[in-house]
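Below are the chains, spelled out letter by letter.
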Amino acid sequence: MFSVLNYGEAEVIVGIRVKFFASMRDLIGDDRELDADIVQQQDLKTADDVWNFCAQDKQRPANVLIAVNMDYVDGQTEVKDGDEVAFFPPVTGG
Amino acid sequence: MFSVLNYGEAEVIVGIRVKFFASMRDLIGDDRELDADIVQQQDLKTADDVWNFCAQDKQRPANVLIAVNMDYVDGQTEVKDGDEVAFFPPVTGG
Amino acid sequence: MSVIILAQPFDPWQTLAEYQQKKPHLDGKFGATAVFLGTMRDFNEGDNVSQMFLEHYPGMTEKHLEKICTQATEDHALLETLVIHRVGEINPNDPIVLVATWSSHRKEAFEACREIMEDLKSRAPFWKKEQLNSGEDRWVEKNTKGY
Amino acid sequence: MSVIILAQPFDPWQTLAEYQQKKPHLDGKFGATAVFLGTMRDFNEGDNVSQMFLEHYPGMTEKHLEKICTQATEDHALLETLVIHRVGEINPNDPIVLVATWSSHRKEAFEACREIMEDLKSRAPFWKKEQLNSGEDRWVEKNTKGY
């Protein structure tokens, strides 16, 4: 379900790159190398679909933040091959 | 009209010490050593009286600020021997 | 305008002095500099904190900070802006974040500095994990209110 | 809490760093530092300014600044406050005023720093006389708005 396809020297990403940060990574139990998390699944249309696919039975906390290609979006936002989708809790920097 | 009275080694101030700052000093034409400006005049009851006595014919700008003993006051404030009365324009520090 | 994500400790005041010196366009033109420095405390929500780990989202963090600095520069006619934010392991008394704004007049510098900080605290992808003296660790879940 | 009236130039960032180091009660306790630095520009109201003279009211200036710092400390639970203000001859790019506030959280530091500056600009007895490039000199008669 996760893979990076290499054609010659160029890395070609087919699928959606998914990232989880901070407590969201703990929740998902994601201890893989995050940059290699490419989801190849034709029927994922929205960020919500990506969450449901990756998180399986884990409920999404109400305050989770979603970014597609490093811009904040809501769960209804459509996603496509080559996109990067990230899920993370409220930020606490500064 | 201005003087410091010395009794032995101690300086005894009889009268009201008056100070003008910045453009107010220019207006009054006060190039004396300011710390020696002691007004000894029995009939000065308020800060306004002190201005009128020192400034003579010069009209007081509407925005002049007045301090008695280094606290802001208005012109009606009573003054007495030993007080320090200062007149200055709006402040422009910082 | 510079946005810097740093994995090592930094000296905020020396960095500021050096940054300003390298900006000749500020010479004689800036009347106001506003600075905010956030520093790690050794306590939070009633517990003693021995260390902290600051995670970020490489790429998005920089992009987001550059966006808010560009916005503040436009809104407040800033002459210069500097944001430095630590990531990685942080110890008590270490500077965490520095936001500095330069403008002709104080109103603009003050407002821009605070707006950048508030946006950074509520929208820039950073997350703190605290290591308590008790040995426990925990993700920080919320910030104190800024206004 | 310190209020300093200075007749010589000073390095604001180095002064800040040294001041903070000498305050062990801040160790691990301050999360927020807000700083404002006012610097002399080489222009004002459309004219080029070559030098400035800053007059003050010795005694009252210090008394007034101490009063506003004490008030801000009470209102905002500040841990520490520093105000430095130049007097005498000042050249373009010279720091004129530094206000720094230390607190646990950013809201307090930001608000106190700005309140101290606004009171200082409107009530502390300082007066600027500008020397223009044209040779003329003039008293500055008003400040820009702070809010």
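Novice: So what exactly am I meant to see when it comes to the overall build of chain C here?
Specialist: Helix and strand counts for chain C stand at three helices and nine strands. When the helices and strands of chain C are read in sequence order from the N terminus, they spell out β-α-β-β-β-α-β-β-β-α-β-β. For chain C, the spread of C-alpha atoms along the three principal axes comes to 50 × 30 × 25 Å. By residue count, 56% of the 147 residues in chain C fall in the buried class. Considering only contacts within chain C whose residues lie at least 6 apart along the sequence, 75% involve residues at least 24 apart. Of the roughly 6,100 Å² that chain C leaves accessible, carbon and sulfur atoms contribute 47%. Distance between charge centroids for chain C: 4 Å, based on 17 positive and 23 negative side chains.

Novice: Help me understand the overall build of chain A in this model?
Specialist: When you go through chain A residue by residue, the secondary structure sums to two helices and seven strands. Reading chain A from its N terminus to its C terminus gives the helix and strand order β-β-β-α-β-α-β-β-β. The buried share of chain A, taken over its 94 residues, is 45%. For chain A, restricting intrachain contacts to residue pairs at least 6 apart in sequence, the fraction spanning at least 24 positions comes to 59%. Roughly 4,900 Å² of accessible area belongs to chain A as shown, and the carbon and sulfur atoms make up 47% of that amount.

Novice: Before we go on, may I ask you to explain the sheet that holds strand 2 (residues 32-39) of chain D in this structure?
Specialist: The strands making up a sheet are joined through hydrogen bonds of the backbone, oriented either antiparallel or parallel. Ordered by their spatial adjacency, eight strands build an open sheet running 1(C)-5(C)-7(C)-2(C)-2(D)-7(D)-5(D)-1(D), and the pairing between neighbours is mixed. Each of the sheet's edge strands pairs with one partner strand only, and the pair in question is strand 1 (2-6) of chain C together with strand 1 (2-6) of chain D. Looking at each pair of strands side by side, their axes are set apart by 10° on average, direction ignored. As paired strands, strand 5 (residues 80-86) of chain C and strand 7 (residues 95-103) of chain C are joined by six bridges and run antiparallel to one another. Looking across to strand 7 of chain C, one finds that H85(C) is bridged to V97(C). The strands touched by helix 2 (residues 60-76) of chain C within the sheet are strand 1 and strand 5 of chain C, with strand 1 of chain C carrying the most contacts at an inclination of about 150°.

Novice: Looking at this structure, I do not really get the interface of chain D and chain B. What am I missing?
Specialist: The accessible area lost on association of the parts is a frequent measure of interface size. Across the boundary between the two partners, chain D contributes 28 residues, which contact 20 residues of chain B. A combined buried area of about 1,900 Å² lies between chain D and chain B, and 57% of that area is made up of carbon and sulfur atoms. By the criterion of area lost to chain B, the three top residues of chain D are Y57(D), M60(D) and W127(D), representing 35% of everything that side buries. Joining chain D to chain B, the criterion identifies three salt bridges. For R25(B), the salt bridge identified is with E55(D), shortest N-O distance 2.8 Å. Remark: the boundary between chain D and chain B carries 13 residue pairs in polar contact (both at pLDDT 80 or more). Looking at the side of chain D that touches chain B, the element that brings in the most residues is helix 3 (residues 106-123) of chain D, giving five residues. Tallied by class, the residues present in the side of chain D that touches chain B amount to 13 nonpolar, six polar and nine charged.

Novice: I'm lost on the interface of chain C and chain D in this one. Help?
Specialist: Taken together, the contact between chain C and chain D spans 38 residues of the former and 38 residues of the latter. With both chains or domains summed, chain C and chain D bury close to 3,500 Å², and 55% of this area falls on carbon and sulfur atoms. The largest share of the area that chain C buries against chain D comes from W13(C), R106(C) and F110(C), three residues that together contribute 24% of it. Linking chain C to chain D there are six salt bridges. D42(D) serves as the salt-bridge partner of K29(C), at 2.7 Å between the closest nitrogen and oxygen.

Novice: Explain helix 2 of chain C to me, please; I cannot follow it from the model alone.
Specialist: Within an α-helix, residues lying three or four positions from one another point in the same direction, as the helix has 3.6 residues per turn. All names here are of chain C. Over its 17 residues, helix 2 extends 24 Å from the first C-alpha to the last, a length consistent with the 24 Å expected when each residue adds 1.5 Å. Taken as a whole, helix 2 has its buried residues at M60, T61, H64, L65, I68, C69, A72 and H76. Seen from one end, helix 2 has its buried residues packed into an arc of 160°, which puts them on one side.

Novice: Please clarify how the side chain of H85(C) should be interpreted in this entry.
Specialist: Along the chain, H85(C) turns up in strand 5. Setting aside chain neighbours within four positions, we find H85(C) in contact with G93(A), G94(A), I4(C), I5(C), L6(C), L54(C), I96(C), V97(C), L120(C) and F126(C).

Novice: Which parts of the structure should I look at to understand the environment of D57(B)?
Specialist: All names here are of chain B. Looking at where D57 falls in the secondary structure, it is placed in the loop between helix 2 (47-55) and strand 5 (65-68). On the basis of relative accessible area, D57 is assigned to the exposed category, the value being 72%. Sequence separation between D57 and A67 is ten residues, and the spatial gap between their C-alpha atoms is 21 Å.

Novice: Can you walk me through the environment of V140(C) in this structure?
Specialist: In this fold, V140(C) is placed in the segment after strand 9 (137-139). Sequence-wise, V140(C) and L82(C) are 58 residues apart; in three dimensions their C-alpha atoms are separated by 26 Å. Every residue in contact with V140(C), bar those within four places of it in the chain, is listed here: T92(A), N44(C), K128(C) and E130(C).

What counts, and where the lines are drawn
- Residues numbered from 1 in each chain as written.
- Chains lettered and ligands numbered in written order.
- Predicted model: local features only at pLDDT ≥ 70, side-chain atom pairs only at ≥ 80, totals over all residues.
- Heavy atoms only, no water.
- Helix = DSSP H or I, 4+ residues; strand = E, 2+ residues; numbered from the N terminus.
- Buried < 20%, exposed > 50% of the residue type's maximum accessible area, 1.4 Å probe, protein only.
- Contact = heavy atoms within 4.5 Å.
- Areas by Shrake-Rupley, 256 points an atom, 1.4 Å probe, with all protein chains shown as cover.
- Lys, Arg positive; Asp, Glu negative; His and termini not counted.
- Charge placed at Lys NZ, Arg CZ, Asp CG, Glu CD.
- Pairing = 2+ DSSP bridges.
- Axes fitted to C-alpha atoms, helices over the stretch in contact; angles between N-to-C directions.
- Buried area = accessible area lost by both parts, 1.4 Å probe.
- Salt bridge = Lys/Arg side-chain N within 4 Å of Asp/Glu carboxyl O.
- Polar contact = N/O pair within 3.5 Å; in protein donor to acceptor, adjacent residues only side chain to side chain.
- Nonpolar A, V, L, I, M, F, W, Y, C, P; charged D, E, K, R; others polar.
- Expected span 1.5 Å × (residues − 1).
- Arc of directions from axis to C-beta.

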